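# Per-entry structural report
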Amino acid sequence: MNRKLNYALAFVGIAALSFQAYGQEKEMQFFRHNDQRGVGIFETPVQDDTPFNGLYVKLGGHLTQQYQAMWHSNEVAEDSLTSLTKLIHVNNGFNLATANMNFDVQLEDGIRVHLVTYLSARHHPEAWVKGGYIQFDKLTCLNNSTIDNLMENVTIKIGHMEINYGDAHFMRSDNANALYNPFVGNYIMDAFTTEVAGEIYWRKNGIITMLGVSEGLIKPDVASFQANTHDPSFYGKIGYEKDPEDGLRWRVTASHYNAMKSLRNTLYSGDRGGSRYYYMMEAEQTAGRGGVANTSYDSQFTSGRWNPGMSNRIAASMFNVFLKYNGLEFFGTYEIADGQNNGEVNADGEFATRQYNQLGGEVIYRLGEKEDFYIGARYNSVSGERSVEDDQPITITRIQAGFGWFIAPGVLAKMNYTTQDYGDFTSLEKYYNGNFHGFTVEAVIGF
């Protein structure tokens, strides 16, 4: 706890020093800014007129703090309550601050390195490298005109990095980086993971294509016991993005991720930052921990989310629509995930898969000459089978409403009201007719 606080306080000092030079910042090529300029940006631009002026190292980051006033309940009968179904008593108050440190390095003309470290996170008490990559948008260093012409529409990314599955991950809160997310918290089924991967993009006249291959694991290992227990994962994206015309900008994409065999795939459990809904729907004790009461926020860092449990095999598809007309925005998500856990079989002893569906839609209206203010609402629902023998899929539904204010390009304050309901769980589970609701105020600094 003290180590986390020390990291956060040290990072505040770094942020203060960085803001002194904010107006003198050099521009980096093919870059998504860490402040308000990065809102509504997906992949980094395929065309960039920023000149290369030699090696440039940019130290940046994010710092985030929340105040939470939320309540939760279930309808487990009093005579059936145990430490596994009785919900933790929660109070109103501040959560521990989270912090990210970003290193971006312009190595050569069109060649850039990106690295993110979580200095303070809900899940990890120590500094933890999220991941990083090298990105090639030009290869002028090869002095080959044919390659130069090809790279006008090609981007290559290689690293242990956040993979580009779907568009929702461009708008999520990544630990302390919550500037791109107009709401507090991410989707119920949070498609985000870091894997050793390579991606190649071809983009021209608004057409977007991407192919990627990854190790399929958040933590790869070459130990012999892992031989023949997992295969590479393959994923891709295709879409079209229309530049603003008469105040209208729009983008549609379809993405697919496929892992045929894995030791522990983490497409829906790869976030090590943690959920924003501290303790919500958490019981007094967590099962499977030797009977020792477990009520720490880091051990229960996924509260409010749902992991479909497809760690062995998964085929997931996400479809996204983004529309922006002047200050009015809409972002929609439809997702289908089909897969299984290790050793999961049906009643006949045959390997079988299950399916989950996720629907998300949010409407934002941005106000002011620089769109410094906004109001918005989001709907998110998940339904699916917890096991191959389930006849009744569970359902989870969330509704959010809130507003935000960019006090400065790198300072955002936002407030949300959130309510989340759990349906079709059994009467002996902590989620039985469960609900949590309330307010969260979040302050974010990015530079």
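Cut-offs and rules
- Residues numbered from 1 in each chain as written.
- Predicted model: local features only at pLDDT ≥ 70, side-chain atom pairs only at ≥ 80, totals over all residues.
- Heavy atoms only, no water.
- Helix = DSSP H or I, 4+ residues; strand = E, 2+ residues; numbered from the N terminus.
- Contact = heavy atoms within 4.5 Å.
- Areas by Shrake-Rupley, 256 points an atom, 1.4 Å probe, with all protein chains shown as cover.
- Phe/Tyr/Trp six-rings, centres within 6.5 Å; stacked < 30°, edge-to-face > 60°.
- Lys NZ or Arg CZ within 6 Å of the ring centre and 35° of its normal.
- Core = buried A, V, L, I, M, F, W, Y, C linked by side-chain atoms within 4.5 Å.
- Buried < 20%, exposed > 50% of the residue type's maximum accessible area, 1.4 Å probe, protein only.
- pLDDT = per-residue confidence, 0-100.
- Salt bridge = Lys/Arg side-chain N within 4 Å of Asp/Glu carboxyl O.
- Polar contact = N/O pair within 3.5 Å; in protein donor to acceptor, adjacent residues only side chain to side chain.
- Pairing = 2+ DSSP bridges.

When you go through the protein chain residue by residue, the secondary structure sums to two helices and 17 strands. Of the contacts formed within the protein chain by residues at least 6 apart in sequence, a portion of 69% connects residues at least 24 apart. With the model as given, the accessible surface of the protein chain reaches about 19,900 Å², and the carbon-plus-sulfur share is 58%.

Attention now moves to the packing of aromatic side chains. The relation between two aromatic rings is expressed through the spacing of the ring centres and the mutual angle of the planes. Under the definition given, this model contains 14 aromatic pairs. Here the aromatic residues Trp306, Tyr422, Phe425 and Tyr431 are joined through ring pairs into a cluster of three or more. Of note, Arg32 hangs over the ring of Tyr180, and the distance from its end group to the ring centre comes to 3.6 Å. Note that Arg251 overlies the ring of Phe42, its terminal NZ or CZ placed 4.2 Å from the centroid.

As a further point, take the nonpolar core. Formed by 42 residues in total, the largest nonpolar core has its most connected members in Tyr165, Tyr257, Leu267, Tyr268, Trp306 and Ile314. Mapped onto this core, the elements with two or more residues apiece are strand S7 (194-204), strand S10 (248-259), strand S11 (313-325), strand S12 (328-340) and strand S15 (394-408). The dominant element in this core, judged by the number of residues it contributes, is S11, at four residues.

Turning our eyes to something else, we now look at the confidence of the model for the protein chain. With 88% of its residues at a pLDDT of at least 70, the protein chain reaches an overall mean of 89. A low-confidence stretch, residues 7-24 stays under pLDDT 50, and its non-local contacts, those more than four residues away or across chains, total 30 contacts.

Right, let's talk about the pattern of salt bridges for a bit. One pass over the structure, following the stated rule, counts 26 salt bridges. Residues Asp174 and Lys130 are paired through a salt bridge, measuring 2.8 Å at the closest nitrogen-oxygen approach. A residue pair is termed long-range when its members are at least 10 positions apart, and Asp174 in the loop between strand S6 (154-162) and S7 and Lys130 in strand S5 (residues 128-136) qualify at 44 residues. Exposure remark for Lys130: the relative accessible area of 9% places this residue in the buried category. Across the salt bridge formed by Lys324 and Glu329, the nearest N and O atoms sit 3.3 Å from each other. Residue classification places Lys324 among the buried positions, given a relative accessible area of 15%. You can call Glu329 buried: its relative accessible area is 9%. Here the salt bridges do not stand alone but share partners, grouping Lys130, Glu162, Arg172, Asp174, Asp190, Asp271 and Arg305 into one network.

Unusually for a residue other than glycine, Met281 sits at a positive phi of about 60 degrees. Residue position: Met281 is located in the loop between S10 and S11. Even without being glycine, Asn433 reaches a positive phi, approximately 45 degrees. Within the fold, Asn433 resides in the loop between strand S16 (411-423) and strand S17 (435-446). Note on Asn433: relative accessible area 33%, which makes it partly exposed.

By the secondary structure assignment, Thr194 is in strand S7. Judged by its relative accessible area of 0%, Thr194 falls in the buried class. Only 3.1 Å separates the side chain of Thr194 from the side chain of Arg272, close enough to count as a polar contact.

Looking now at the pairing of strand S1 (residues 56-73). With nine bridges joining them, S1 and strand S3 (residues 98-108) adopt antiparallel strand pairing. Bridge pairing links Tyr56 to Gln106 in S3. Summarising the sheet, S1 and strand S2 (residues 93-94) pair through two bridges and their orientation is antiparallel. Paired with Tyr67 across the bridge in S2 is Phe94.

With that out of the way, let us pick up the pairing of S11. Across twelve bridges, the pairing between S10 and S11 is antiparallel. Within S11, the residue paired with Ser255 across the bridge is Met318. Sheet analysis places S11 next to S12, joined by 13 bridges and oriented antiparallel. Directly across from Ala316, in S12, lies its bridge partner Ala337. Connecting S11 to the next strand, S12, in antiparallel fashion are two residues, including Asn326 with a positive phi near 55 degrees.

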